[in-house]
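Breakdown of the fold
Here are the chains, one letter per residue:
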Amino acid sequence: MTSKLLFSASVANPPLDHVDVVVVGFGPTGATLAALLAQRGCRVVVIESSPTLNPDPRASFFDGDSLRVWQQMGCADEISAASIPLPGLHFRNTKGDLVLDWPMPAGAGSSSWPASNLLHQPELEAILRRRVQDLGVEVRLGERVVAVSQGDEFATVLTTSTTGTAAQRARFVVGCDGGSSAVRAALAVGWEDFDCTLRWRLADVEIIGDSDLLDVTTAVMDPSGPSMVGHLAHNRYRWLWLQSPGHDQTFPDDDEVLSSLTHGVSAQNARLTRQAAYVAHARVAKQWASGRVLIAGDAAHLLPPLLGQGIGAGIRDAANLAWKLAAVLHSELPTEALCTYESERKPHTRAIVGLSAAISSYVFTWDAVVATERDARLAAGDVPLELIPVPVPLGESSLRVGELGGGSEFPQWRMENDTRTDELLGDGFAVVVAPGSGSRRTELLALLLGTLGMDLTAWQTNIAHDETVDRLAAPWLAANGLTAVLVRPDRMVAGVVAAVASEPVSPSELLVGAGS
Ligand SMILES: Cc1cc2nc3c(=O)[nH]c(=O)nc-3n(C[C@H](O)[C@H](O)[C@H](O)COP(=O)(O)OP(=O)(O)OC[C@H]3O[C@@H](n4cnc5c(N)ncnc54)[C@H](O)[C@@H]3O)c2cc1C
């Protein structure tokens, strides 16, 4: 690796002793990554420019996959208990007729956590931050990273704060520093732009008294001025008005805003907490890592809000990266394993950002002719197939082969004693086998490991197996035509062995694209 000064600044203090990972930014992505790394025995420092928690409501939606990651982190129950469900989205035409009802899955999904959740982002961040601090991670608030450099062994961040400048050396630096990421800028990485920029004026409102006004999020697809209204969490609601291109952003006074609200909300029963301009983009960073410096969360991708993946995409990044970084730091995987972070996560994210941009452009058009045709087709039940979300697999990598029903995630089951099966599988690799195949577990495991492009020798003696999980997974294995699955620490499927009745297992049984 060549020495490369990514961004320069004068340094008052010499570099300190090194840590394993500097996480830049203490939003949902940075907090989750820091906790997962600390749990794996890594010495982590979090550097966050803001001295206090950001009190603004921003995202509010997250899915069951995020809760599954927070389960690993030890705070999913607290987050789930504080959240409320989002039953779905309604799309209405200019006249107010419901032309598309998009219900969210009720109850638990394949992660065994509720699939559709709302929570005020500052409350979510407060829970995540408490957990990070409970794990003993050093967090430096009020320090801004202004430069990043790297050499063969270390990367160094330079920071400024009210007490001056400082430097921190680490084996790796991960920029979780949001859409205006200084770390991404230091890497000189540009965006791939999906050409969907939505300029919103938003009003956040707290309802006084009965807050049960509307539970679904509603988009009004009026081409003369598209708008949305949705439940953020408990007594919090948000109205959004799309601003036409070139619109000069001005904010009406509070009384005018309150009198313009719908669903029975007015100055009599509501308090306006914030007016803001919010520009949503659909973008993916062209490169997610360079040597010892990586980016995650909004630093690596920006999503329009309709699919609600702003938080979730960053949590997926953190889960994908944490075990790999820890394994590299503990010499369980070669440094090249980190390339799989970008090769797996970027194609997945590109698919979600692309779909999100396509849905947003379809819903929020300013073209009256296009809108009239769209509404007529929707009224006839004709929803464009390419806009229907489907599970997206991770991209190619040497740490996985095979897909399951289009996705890559191994499910989780909730047990009678209110624990979940991930807890039985530990925090490393695990093998799950179909009933009746237990005696062939060693043989199956050898086959599974042999398919991967990366040597897992360091893990091999520690690969977990639990018969309760085998039993609970049996219907799922049968439905996917599988005899055995190798599950990664991030609960993605590393490899599969197909079920072939009465035949000995051979390498030719190993599937790429199982279930297809
Ligand atoms: C108004 C608004 C509404 C939104 N609505 C939705 C929505 O409805 N649905 C949805 O899914 N998403 C929404 N989002 C996006 C969502 O909030 C983000 O996707 C999510 O917060 C990303 O988390 P993150 O941890 O990656 O980044 P962030 O939450 O942006 O956290 C980055 C952190 O890094 C810190 N930081 C920045 N620069 C530096 C530096 N140089 N040094 C040190 N620290 C630094 C910041 O202070 C911040 O704490 C919205 C965003 C906004 C702004």
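Whatever comes next refers back to the structure up there.
Reference entry: report on the structure contained in this document. Only a predicted model underlies this, so the values are computations on that prediction, with no experimental measurement involved.

Right, let's get into the pairing of strand 12 (residues 164–175). Two elements, strand 2 (residues 19–24) and strand 12, share 5 bridges in a ladder whose sense is parallel. Counted as the bridge partner of Val-23 is Val-174 from strand 12. As paired strands, strand 11 (residues 155–161) and strand 12 are joined by 7 bridges and run antiparallel to one another. Along strand 12, the bridge assignment pairs Val-157 with Gln-168. Between the end of strand 11 and the start of strand 12, which pair antiparallel, lie 2 residues. Sheet analysis places strand 12 next to strand 21 (residues 293–295), joined by 3 bridges and oriented parallel. Residue pairing in the sheet places Gly-175 in a bridge with Ile-295 of strand 21.

Right, let's get into the packing of aromatic side chains. We describe a pair of aromatic rings using the distance from one ring centre to the other and the angle between the two ring planes. Under the definition given, this model contains 9 aromatic pairs. Measuring from centroid to centroid gives 5.6 Å for Phe-410 and Trp-413, while their planes differ by 70 degrees, and the two rings are edge-to-face. Owing to a relative accessible area of 0%, Phe-410 belongs among the buried residues under this scheme. Since its relative accessible area comes to 19%, Trp-413 is described here as buried. Through successive ring pairs, a cluster of aromatic residues spans Trp-323, Phe-429 and Trp-459. The lysine or arginine in question, Arg-169, covers the ring of Phe-154, its NZ or CZ lying 4.3 Å from the ring centre. The ring of Trp-241 has Arg-201 sitting right over it, with the charged end atom 4.2 Å from the ring centre.

A few words now on the site of the ligand. Near the ligand there are 29 residues, and of these Thr-29, Glu-48, Gln-121, Asp-298 and Gly-310 occur at the shortest range. Interatomic distance of 3.3 Å between a backbone N/O atom of Arg-58 and a nitrogen atom of the ligand. Measuring from a nitrogen atom of the ligand, one finds a backbone N or O atom of Val-145 at 3.0 Å. Coverage of the ligand by the protein amounts to 83% of the 1,000 Å² it exposes when considered alone.

Time to look at helix 9 (residues 368–379). The end-to-end C-alpha distance of helix 9 is 16 Å, a good match for the 16 Å that 12 residues give at a rise of 1.5 Å each. Inspection of helix 9 places Ala-371, Arg-374, Asp-375 and Leu-378 among the buried residues, and these make up the whole buried set. Axial view of helix 9: buried residues confined to an arc of 100 degrees, hence all on one face. Seen from the buried face of helix 9, the exposed residues on the opposite side, beyond 90 degrees, are Val-369 and Thr-372. Structurally, the start of helix 9 carries an N-cap: the backbone nitrogen of Val-369 is 3.0 Å from a side-chain oxygen of Asp-367. Positive phi appears at Gly-381, one or two residues downstream of helix 9, with a value of about 80 degrees.

This brings us to the pairing of strand 17 (residues 236–243). Counting buried positions along strand 17 gives 8 out of 8 residues, so the element sits mostly inside the fold. Pairing geometry for strand 14 (residues 198–207) and strand 17, over 8 bridges, is antiparallel. When the bridges of strand 17 are listed, Leu-202 appears paired with Leu-240. Relative to strand 17, strand 16 (residues 227–233) is paired through 6 bridges, and the arrangement is antiparallel. What sits directly across from Val-229, in strand 17, is Trp-239.

Per the counting criterion, the structure on display carries 25 salt bridges. Here Arg-316 and Asp-65 are joined by a salt bridge, their closest N and O atoms 3.0 Å apart. In this pair, Arg-316 sits in helix 7 (residues 310–329) while Asp-65 sits in helix 2 (residues 64–73), placing the two residues 251 residues apart along the sequence. Each member of the pair Arg-316 and Asp-65 is classed as buried. In this structure, Arg-414 and Asp-418 form a salt bridge, with 2.5 Å as the shortest nitrogen-oxygen distance. Members of the salt-bridge network, linked through shared partners, are Asp-56, Asp-204, Arg-238 and Arg-274.

Criteria and cut-off values
- Residues numbered from 1 in each chain as written.
- Predicted model: local features only at pLDDT ≥ 70, side-chain atom pairs only at ≥ 80, totals over all residues.
- Heavy atoms only, no water.
- Pairing = 2+ DSSP bridges.
- Helix = DSSP H or I, 4+ residues; strand = E, 2+ residues; numbered from the N terminus.
- Phe/Tyr/Trp six-rings, centres within 6.5 Å; stacked < 30°, edge-to-face > 60°.
- Buried < 20%, exposed > 50% of the residue type's maximum accessible area, 1.4 Å probe, protein only.
- Lys NZ or Arg CZ within 6 Å of the ring centre and 35° of its normal.
- Near = heavy atom within 4 Å.
- Polar contact = N/O pair within 3.5 Å; in protein donor to acceptor, adjacent residues only side chain to side chain.
- Areas by Shrake-Rupley, 256 points an atom, 1.4 Å probe, with all protein chains shown as cover.
- Expected span 1.5 Å × (residues − 1).
- Arc of directions from axis to C-beta.
- Salt bridge = Lys/Arg side-chain N within 4 Å of Asp/Glu carboxyl O.

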